[in-house]
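As a plain string of letters, each chain reads:
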Amino acid sequence: MTYQEAYQKATGELKAAGIPEPESDSWILLEHVTGMTRTRYYVDGFERMPKNEEDRFFELVSCRKTRIPVQHLTGVQEFMGYEFAVNEHVLVPRQDTEILVEEAEKRLLLMKKENPVKVLDMCTGSGCIPISLKLRNPQIVIEGADISEEALKVAEKNAKKLGVSGKWIQTDMFENITGTFDMITSNPPYIPTKVIEELEAEVRLHDPYEALDGKEDGLYFYRVLALECSKHLNKGGCVYFEIGYDQAEAVSRILTIAGYREIEVIKDEPGLDRVVKARWNR
């Protein structure tokens with residue numbers, strides 16, 4: 001089978017299996033197995049594919065047909081232009097979360113301090129938020145916290161791979177957090193428990209449940225964050241939280257009641273509410 005024949009066959013199989021974006025997934029898997037670039041594909045696509053590559057490629061295609069996320073099959077996902085390792089213990093970084101990083105970075109550029117700006121990322125998962133911030137703003141100090149020991153192993157792996165120094169803390173929310181910070185970011189679990197069963201199979205069956213479940217109304221962790229962040233923020237410190245598309249009003253109200261000010265909702269590219277930011281009014 002040639003490279004082009006393999007790609008076309010895989011795309012057809014994924015499409016027949018009801019996989020969204022079958023062309024994209026076929027290409028990602030082909031590139032992962034063969035290292036082939038787009039240019040090489042168009043030039044050398046009529047060449048025969050080595051049998052070992054063909055077997056491995058269609059093995060991964062078969063796995064994808066069972067709704068295993070393509071990122072779990074390749075072990076990587078791009079985020080903010082960097083390649084992050086991912087597995088079943090962490091949420092796959094999504095483009096929506098890049099909005100949080102971009103907004104937090106705007107604030108970092110305005111902070112003028114004698115000492116390095118300290119940033120804590122709660123529910124850090126793969127570490128994509130604090131690591132990206134550190135890569136783009138080397139002067140800051142980052143800490144990432146998560147309840148999952150396995151997730152923190154992934155975060156540490158990503159930090160090492162991308163040449164970033166940081167502190168990684170296993171903790172149930174703020175239980176083991178000490179010290180204060182100039183900024184706290186978080187993409188917490190925010191999906192109401194009853195809604196999880198309605199999610200696409202790639203998320204429902206393969207993302208870690210504890211990274212999805214925001215309890216009954218999806219707002220549990222925002223209440224904890226609003227209360228506990230205030231105890232760990234320096235004067236004028238800010239918070240940046242990713243939210244569900246329909247949670248802006250509720251999360252803003254939680255922050256207002258808790259004493260935060262300058263609360264603002266940021267939309268993503270499709271125009272949906274995506275990030276709430278606020279300043280602690282100490």
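Because the structure is predicted, anything quoted here is derived from the model rather than measured.

Let us look at the packing of aromatic side chains. With the rule as written, the count across this model stands at nine aromatic pairs. An angle of 75° between the planes, with centres 5.5 Å apart, marks the rings of Tyr41 and Tyr42 as edge-to-face. Pairing Phe57 with Phe58 gives two aromatic rings, centres 5.0 Å apart and planes at 65°, and the pair type is edge-to-face. The class of Phe58 is buried, set by a relative accessible area of 13%. The rings of Tyr7, Trp27, Tyr41 and Tyr42 are connected pair by pair, giving a single aromatic cluster. Its end group placed over the ring of Phe58, Lys9 keeps NZ or CZ at 4.7 Å from the ring centre. A cation over an aromatic ring shows up here: Lys215 above the ring of Tyr220, its NZ or CZ 5.8 Å from the ring centre.

Structurally, the position occupied by Asp207 is in the loop between α10 (201-204) and α11 (220-229). At 3.1 Å, the side chain of Asp207 and the side chain of Arg94 are in polar contact. Apart from the residues lying within four places of it in its own chain, the contact partners of Asp207 are Val90, Leu91, Val92, Arg94, Glu202 and Leu212.

Reading guide: rules and limits
Along each chain, the written sequence defines residue order, and numbers are assigned to residues from 1. Local features in this predicted model are restricted to residues of pLDDT 70 or higher, and side-chain atom pairs are both shown and tallied only at a pLDDT of 80 or more, whereas totals for entire chains, interfaces and linings draw on every residue. Side-chain numbers here rest on the full set of heavy atoms in the structure, without hydrogens or water. For Phe, Tyr and Trp, rings pair up if their centres lie within 6.5 Å, where Trp contributes its six-membered ring, and each pair is then called stacked (planes under 30 degrees apart), edge-to-face (over 60) or tilted (otherwise). Relative accessibility thresholds used throughout: buried, under 20% of the residue-type maximum; exposed, over 50%; partly exposed, between the two (1.4 Å probe, protein chains only). Look at NZ for Lys and CZ for Arg. If either is within 6 Å of the ring centre and within 35 degrees of the ring normal, a charge sits over the ring. Numbering of helices and strands runs from the N terminus, with a helix taken as a DSSP run of H or I at least four residues long and a strand as a DSSP run of E at least two residues long. Pairs of N or O atoms within 3.5 Å make up the polar contacts considered here, provided that, within protein, one atom can donate a hydrogen while the other can accept it, and that residues adjacent in sequence are counted only when both atoms are side-chain atoms. The criterion used for residue contact is that any of the two residues' heavy atoms lie within 4.5 Å.

These figures capture arrangement, not role.
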